[in-house]
Amino acid sequence: MTDSFLTAAGWPRVWVQWVVLGMVLGVGLFVQLGAPEIGLMEARNFVAAREIHAGGSWLLPTMNGELRLAKPPLPTWLVAAVMQLTGSTTDLGLLRLPSAFGACLLVLFFWALARRLTPPADQGRTAWLASLVLASSLLLLTAGRDGNGWDVYCYCFMMGAVAAVVRGLQSAGRALGWFAIGGGLIGLSILSKGPVAPYGMLLPFLLAYALRGDRVAMRRQLPGWLVLAAVALMVGGAWPLYVLSQHLNEASHVAQTETGSWANRHVQPLWYYVNFPVFMGLWTLPAVAALVWPYAGPRVRSYAPYALLLAWLLATLVLLSLVPEKKERYLLPVLPPLALLTAGLVRHWLSSPHTATDKWLPRVWAGVLCLVLVALPVALRFVGLSSFASTTARYWLTSGCALAVAGGIAWLWARGRPAYAAVGGSLAVVILASGLLMPAYPEWQRRRDDPGLRPLALVVAQRADLRTLPVYSVGEMHIKWIWAAQRVVPQLPAEPLPLPLPLQQLPVVVYTSTRGPAPFPADWLRRYRISTIDSFDLSHQFADGRWYVTRIDAK
C-alpha cells in the first residue's frame, strides 16, 4: 500500500502531490469563502460588476452609474461573468470565486516555474514543496479569499508569463511560441492592474536573471523578446486605447489622479516592508533562516538556484519600497522567490540535517506548532464564541483534531524527524484553521457589535419599496452602502438641492444623513409630502451614527 503512494525514495507520487496540493488549496481558499463581510475594494468591484450584469457596458464599466476608469476591467468582468452564470448578485461566496481560482492558478504557474528553476535530478520534489509553501502562506490565502481581485489576477497572469519566458529561455531554438504565450499573459496582467505586475514581478525577475541567470540565452532570444513585447502591448493596450478613443478627458484625469496617489496616498517609509517574512505565516521561521546567506546558501544550492532567487527577492523588495504608496497586500510578488528559498532549505532539513542548527531550528518550529495546537481548545473556551461553546460538537471536533495533529507532531519529533513534523504540522494547521475555524469568522468579526443594529442590507431585505421605487441619496453614500442598497443610487447635490425636484415618478425614496424634512428646501415641503420611514446603522456600534430612509410623495 505504501508503494502505491510513495516512490522508492520515499516521496509522494505525482498523483499524490496533486491531491495534497488540491486539498490545501481547496480547503484554504474555498471553505466558507463567503464568511467575511464585504471589504471596501470588494464593494467597488462587485458594484461595478453588478451594473454590468444589470445591462451596463462591458467595455466602459460604471460604479453607481458613473464611469469606472480608475481600475482596468478584467477583475470586474470575471465577477460579472459569475453573476451572469449564476444569476446571483449578493452571494459573496460565489462572487469571490474568481479571486480564489486566480490564487490557485498563481500557485500552479509557480509550480511550473519552480520545476524549470530546480535541478532535473531533484525530480520536481523541491518545486512541489515550494508550491505547498506558497499555497499555505498567509498572504496568498488572505488575498485569494478577497474578492477585490486586482492583485491576485495581475500577479497570477504575470507568474504564468515568467514561467513561459523561462521555458523559452531554456529552449535550444527560438521558442517564439512560449514568448507569445508570455506576452499574452502579460497583457492579461495589464488588463488586471495596469503596469503594477510588470514593475513588481517581471522587472525584478529579469534583473535577477540578467545578473545571476543565463545572459547568453537572453541575448539569443532577441526575436522572442520582440514577440513578447508586441503581444503584451496588443492585449494589454486594447482596452486603454478604446477608453482613450471614447473618453479622452476623463481618462486623462483618472490617469493623473492615480499617478498622484502613488506618491501621496498611503505613504509609508522605505523600511515599511522589512517585516515581509511574517506574511509567510506558519513558514516564517524557515523563511527567515533561508535569507541568511552564510547559513542557507550552501544548503539551498543543491535544490534551488539560491543566488538567483535571493536577487529576485531583493530586487522585488527594493522596487516595491521605492514607491511611496505601500500596503501589506502589495507584498504578494515577494512570496514566490521566498517560497522557493524556503522550500530549498526545508528540503535540506528533510534529507540531510548535518549540523546542530539544522536540527534545532526544525525542533523550534515543530514545538511552536505543537504548543499552539495544544492551547487551541483553551483559547476557544476563553474567547467565548457561541458557535464554539463547550457544549457544541464543533468545539469537540476542532479540539480533537488539534490535539490529534499535536500528537502526530510529537510522535514524529520523538522518532527524530522534527522537520517532517513541522512541515506536516504546518499544512495540517492551515487545513484545520480554514476548514473548522473559518465558520466562526463572522461571529468573531461581530463579537463586539451592539445588539439590535439595523444595517442597510437588513433594511433593504425587509422593505420591498427600497427594491422597487426610484432611489436617490442626498450627499455621497459610502460604496459599501451602495452595495447593500442592491442598486444604483443617484446622488442629489447636497447644496443646493434642485428645484423643481428632478423626479418624474413619485413616490421615491431618498437616503439622507438627517431625519425628516430637514435636508430639503422649504419649497419642497409645499410641493411634496416628506416622511422618514426607516433608518440604518452605519457600522457595528450605534455611536458611529446612522442614516435615514425618507419617502417623498406627491401631495
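Before reading on, note that the structure itself is shown above.
On a predicted model such as this, the values are computed, not experimentally measured, just so you know. (Residues numbered from 1 in each chain as written. Predicted model: local features only at pLDDT ≥ 70, side-chain atom pairs only at ≥ 80, totals over all residues. Heavy atoms only, no water.)

**Quick notes on the pairing of strand 7 (residues 546-554)**
In plain terms, the rule: DSSP-based pairing: two strands are paired if at least 2 bridges between them are found. Helix and strand definitions here come from DSSP, where helices need a minimum of 4 consecutive H or I residues and strands a minimum of 2 consecutive E residues; each element is numbered from the N-terminal end.
Taken together, the five bridges between strand 5 (residues 508-512) and strand 7 define a ladder with antiparallel strand orientation. Looking across to strand 7, one finds that T512 is bridged to Y548. One ladder, built from nine bridges, connects strand 6 (residues 528-537) with strand 7; its direction is antiparallel. Bridge pairing in strand 7 links D534 to V549.

**Points about the sheet that holds strand 3 (residues 471-474)**
Across the sheet, which stays open at both edges, the five strands sit in the order 4-3-5-7-6 with mixed pairing between neighbours. The open sheet is flanked by strand 4 (491-492) and strand 6, the only strands paired with a single partner.

**Concerning the nonpolar core**
Let me state the cut-off plainly: Residues enter a nonpolar core if they are buried and are Ala, Val, Leu, Ile, Met, Phe, Trp, Tyr or Cys, with the set joined through side-chain atoms within 4.5 Å. Accessibility here uses a 1.4 Å probe with only protein chains present; expressed as a share of the type maximum, an area under 20% marks a residue as buried, one over 50% as exposed, and anything in between as partly exposed. Pairs of residues are marked as contacts when any of their non-hydrogen atoms sit within 4.5 Å.
Membership of the largest hydrophobic core comes to 154 residues, with the highest contact counts inside it found for L331, L456, M477, Y511 and F536. At 14 residues, helix 9 (residues 150-169) tops the list of elements feeding residues into this core. When neighbours within four sequence positions are excluded, M477 is seen to be in contact with L456, I482, V489, Y511, F536 and W547.

**Brief notes about helix 19 (residues 356-383)**
Note the following rule: To estimate the expected span of a helix, count its residues, drop one, and scale the result by 1.5 Å. Two axes enter the definition of the bend at a residue: one is fitted to the seven residues ending there, the other to the seven starting there, and the bend is the angle between them.
In a regular helix each residue adds 1.5 Å, so 28 residues correspond to 40 Å; helix 19 covers 39 Å between its end C-alpha atoms and thus fits that length. Roughly 45 degrees is the biggest bend found in helix 19, and it falls at L376, with proline P377 one to four residues downstream. Buried within helix 19 are the following residues: D358, L361, P362, W365, A366, G367, L369, C370, L373, L376, P377 and L380. The inward-facing, buried residues of helix 19 contact helix 15 (284-290), helix 16 (293-300), helix 18 (335-351), helix 20 (393-414) and helix 21 (418-437). Two residues or fewer past helix 19, G384 is found with a positive phi of approximately 70 degrees.

**Observations concerning the side chain of D537**
Our working definition: Here a polar contact is recorded for every N or O atom pair within 3.5 Å, except that within protein the pair must consist of a potential hydrogen donor and a potential acceptor, and residues adjacent in sequence are included only if both atoms are side-chain atoms.
Mapped onto the elements, D537 comes out in strand 6. Under the relative-accessibility criterion, D537 is labelled buried at 6%. Side-chain polar atoms of D537 contact the backbone nitrogen of R454, separated by 2.7 Å. In this structure the side chain of D537 is engaged in a polar contact, spanning 3.0 Å, whose partner is the side chain of R546. Residue contacts for D537: discarding those within four places in its chain leaves G452, L453, R454, P455, F542, G545 and R546.

**Focus: the pattern of salt bridges**
To keep it simple, the criterion reads: Any carboxyl oxygen of Asp or Glu that lies within 4 Å of a side-chain nitrogen of Lys or Arg is treated as forming a salt bridge with it.
Counted according to the given criterion, the structure contains 10 salt bridges. As a salt-bridge pair, R96 and E42 come within 2.6 Å of each other at their nearest N and O atoms. Placement of the pair is R96 in the loop between helix 5 (92-95) and helix 6 (97-117) and E42 in helix 3 (residues 40-53), with a sequence separation of 54 residues. Accessibility assignment for this pair places R96 and E42 in one class, buried. Two residues, D537 and R546, come together in a salt bridge whose shortest N-O distance is 3.0 Å.

**As for helix 17 (residues 306-322)**
Structural remark: α-helix, 3.6 residues per turn; residues separated by three or four positions point the same way. Taking 1.5 Å of rise per residue, the 17 residues of helix 17 would be expected to cover 24 Å, and the 24 Å separating its terminal C-alpha atoms lies within 8% of that figure. Most of helix 17 is tucked away: 14 of the 17 residues are buried.

**Observations regarding the environment of A217**
Inspection of the secondary structure puts A217 in helix 12 (residues 215-220). Distance in space between the C-alpha atoms of A217 and Q268 is 39 Å, their sequence separation being 51 residues.

**Remarks on a nonpolar patch on the surface**
Definition in use: Here a patch means residues that are over 30% exposed by relative accessible area and free of salt bridges, tied together within 9 Å if like-charged and within 5 Å if nonpolar (Val, Leu, Ile, Met, Phe, Trp, Tyr). Shrake-Rupley sampling with a 1.4 Å probe provides the accessible areas, and residues are treated as covered by the protein chains on show and by no other component.
Among the surface-exposed residues, L270, W271, V274, V318 and L322 lie close enough to one another that they form a single nonpolar patch of about 590 Å² accessible area. Mapped onto the elements of the fold, V318 is located in helix 17. The partly exposed category is assigned to V318, whose relative accessible area is 48%.

**Focus: the side chain of D534**
Examined against the element boundaries, D534 turns out to sit in strand 6. Of note is the side chain of D534, whose polar atom sits 2.9 Å from the side chain of R454. Apart from the residues lying within four places of it in its own chain, the contact partners of D534 are R454, V459, R463, Y548 and V549.

**Some thoughts on the packing of aromatic side chains**
The condition that has to hold: Here is the rule: rings of Phe, Tyr and Trp (six-membered ring for Trp) pair when centre to centre is within 6.5 Å. Planes less than 30 degrees apart are stacked, more than 60 are edge-to-face, and the remainder are tilted. Only when the NZ of Lys or the CZ of Arg is both within 6 Å of the ring centre and within 35 degrees of the ring normal is a charge said to sit over the ring.
Applying the stated criterion across every chain yields a total of 15 aromatic pairs. Seen from their ring centres, Y395 and W396 are 5.1 Å apart, and the 80 degrees between their planes marks the pair as edge-to-face. For W396, a relative accessible area of 55% translates into the label exposed. Following the ring pairs from residue to residue traces out a cluster consisting of W481, Y511, F536 and W547. Directly above the ring of F388 sits R394, whose terminal nitrogen or CZ lies 5.6 Å from the centroid.

**Concerning a positive patch on the surface**
As a reminder, the rule being used: When charges are counted, neither His nor the chain ends are considered; positive counts come from Lys and Arg and negative counts from Asp and Glu. By convention, the charge on Lys lies at NZ, on Arg at CZ, on Asp at CG and on Glu at CD.
On the surface, a cluster of positive charge is made up of R212, R215, R219 and R301. Within the fold, R215 resides in helix 12.

**Examining the environment of P75**
Along the chain, P75 turns up in helix 4 (residues 74-86). With a relative accessible area of 0%, P75 lands in the buried category. Between the C-alpha atoms of P75 and Q221, which are 146 residues apart in sequence, the distance is 32 Å.

**Looking at the packing of helix 9 against helix 11 (residues 196-212)**
To be explicit about the condition: The axes are straight lines fitted to the C-alpha atoms, using for helices just the contacting stretch, and the angles between their N-to-C directions are given from 0 to 180°. Any angle from 65 to 115 degrees is called roughly perpendicular, while one under 35 is roughly parallel, one over 145 is roughly antiparallel, and all others are oblique. For any pair of crossing helices, the crossing counts as left-handed if the nearer helix is rotated counterclockwise from the farther one by less than a right angle, and right-handed if it is rotated clockwise.
Where helix 9 contacts helix 11, the two axes come as close as 9 Å, and the packing angle between them is 25 degrees. It follows from the interaxial angle that helix 9 and helix 11 lie roughly parallel. Taken as a pair, helix 9 and helix 11 cross one another with a handedness that is right-handed. Here helix 9 contributes C154, Y155, M158, M159, V162, V166 and L169 to the contact with helix 11, which in turn contributes V196, A197, P198, G200, M201, L202, F205 and Y209.

**Description of the environment of P439**
Along the chain, P439 turns up in the loop between helix 21 and helix 22 (441-445). The class of P439 is partly exposed, set by a relative accessible area of 21%. Each C-alpha atom, one on P439 and one on R394, is 9.9 Å from the other, the two residues being 45 residues apart in sequence.

**Let's talk about the pairing of strand 3**
Short version of the rule: Clockwise travel from the first strand over the helix to the second, with the strands pointing away from the viewer, marks a crossover as right-handed.
Of the two faces of strand 3, both are covered, the one formed by V471 and S473 as well as the one formed by Y472 and V474. The sheet contact formed by strand 3 and strand 5 spans three bridges and is parallel. Its bridge partner being in strand 5, Y472 is matched across the sheet by V510. Pairing of strand 3 with strand 4 involves two bridges; the strand directions are parallel. The residue of strand 4 that forms the bridge with S473 is Q491. Handedness of the β-α-β unit built from strand 3, helix 25 (residues 479-485) and strand 4 comes out right-handed.

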